[in-house]
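# Results of the structural survey
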Amino acid sequence: MKEFNDTCQHYISLLQDNINRMASNCSNCKTWLVTLIAAIFAISASKGDIVTYIWMAYIPTALFFFLDCFYLGVERRFRRIERRFVALVIQDEEALKYECLPHDIDSALYKFSLPEAHKEKHNQFCQTIRAILSWSTTPFYVCVAAIIFYVQHNFSFCIWQEYYKTGFLLTLLHSQLA
């Protein structure tokens, strides 16, 4: 078992910084989405026609969902690189057998990509697709889409109901005058 020297610790801290940055980006995606949805609701309400403009809230929801999944996929790749490197340093045979063939630490140091044998299985597109089914992304964005759907259909029903009442009152008033 080999010790963690300063170079190994620095490399692991760089990987951790990247992982933390990707996690922060995921959080920022959710924060910006809520802000944009609130702004779209406010602008739609101020124009007095929520039904016409509220559908635009689905666009940032879809874009931020895929961006959040991309960041989560990148984060998972960095976590895999970190696990592989730690397994190399501590010479964990079981983890190395699962990860890939053992290599020397010096060749793995400051490499921010997976070995060639894993690139096909763990490319960024696949990681992004896997992140779509993640518990950290899907429930949040499904809830946001459900809220948009509820607001869109609830207000359209209210507007139709108000129109019906107004139309009914105008018909009643017109029949009284005639």
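Attention here is on the structure that accompanies the text. (Residues numbered from 1 in each chain as written. Predicted model: local features only at pLDDT ≥ 70, side-chain atom pairs only at ≥ 80, totals over all residues. Heavy atoms only, no water.)

### Topic: the overall build of the protein chain
Applicable threshold: Here a helix means four or more residues in a row that DSSP labels H or I, a strand means two or more in a row labelled E, and each is numbered from the N terminus. Note on contacts: a residue pair qualifies if any of its non-hydrogen atoms lie within 4.5 Å across the two residues. All accessible-area figures derive from a Shrake-Rupley calculation using a 1.4 Å probe, and residue coverage is judged against the displayed protein chains alone.
Per the secondary structure count, the protein chain includes 8 helices and 0 strands. Helices and strands in the protein chain line up, N terminus first, as α-α-α-α-α-α-α-α. Of the contacts made within the protein chain by residues no fewer than 6 positions apart, 77% connect residues no fewer than 24 positions apart. Surface accessibility of the protein chain: about 11,600 Å² in total, with carbon and sulfur atoms responsible for 66%.

### Observations regarding the side chain of N18
Counted only if it meets this: Buried residues are those whose accessible area, probed at 1.4 Å on protein chains only, stays under 20% of the maximum for their type, while exposed residues exceed 50% and partly exposed ones sit between those limits. Here a polar contact is taken to be a pair of N or O atoms separated by no more than 3.5 Å, where protein atoms must pair a possible hydrogen donor with a possible acceptor and residues adjacent in sequence count only if both atoms sit in side chains.
Following the sequence through the fold, N18 ends up in helix α1 (residues 6-47). Residue classification places N18 among the buried positions, given a relative accessible area of 14%. There is a polar contact of 2.6 Å between the side chain of N18 and the side chain of R21.

### Observations concerning the packing of aromatic side chains
Each aromatic ring pair is described using two quantities: the centre-to-centre distance and the angle formed by the ring planes. What counts here: Here a pair means two rings of Phe, Tyr or Trp (six-membered ring of Trp) with centres within 6.5 Å. Their orientation is stacked below 30 degrees between planes, edge-to-face above 60, and tilted elsewhere. Two conditions define a charge sitting above a ring: the NZ of Lys or the CZ of Arg must be within 6 Å of the ring centre, and it must be within 35 degrees of the ring normal.
Under the criterion given, the structure shown has 4 aromatic pairs. The rings of F65, F66, F140 and Y141 are connected pair by pair, giving a single aromatic cluster. Positioned above the aromatic ring of F140 is the side chain of K30, whose terminal nitrogen or guanidinium carbon lies 5.9 Å from the ring centre.

In short, geometric facts, not functional conclusions.
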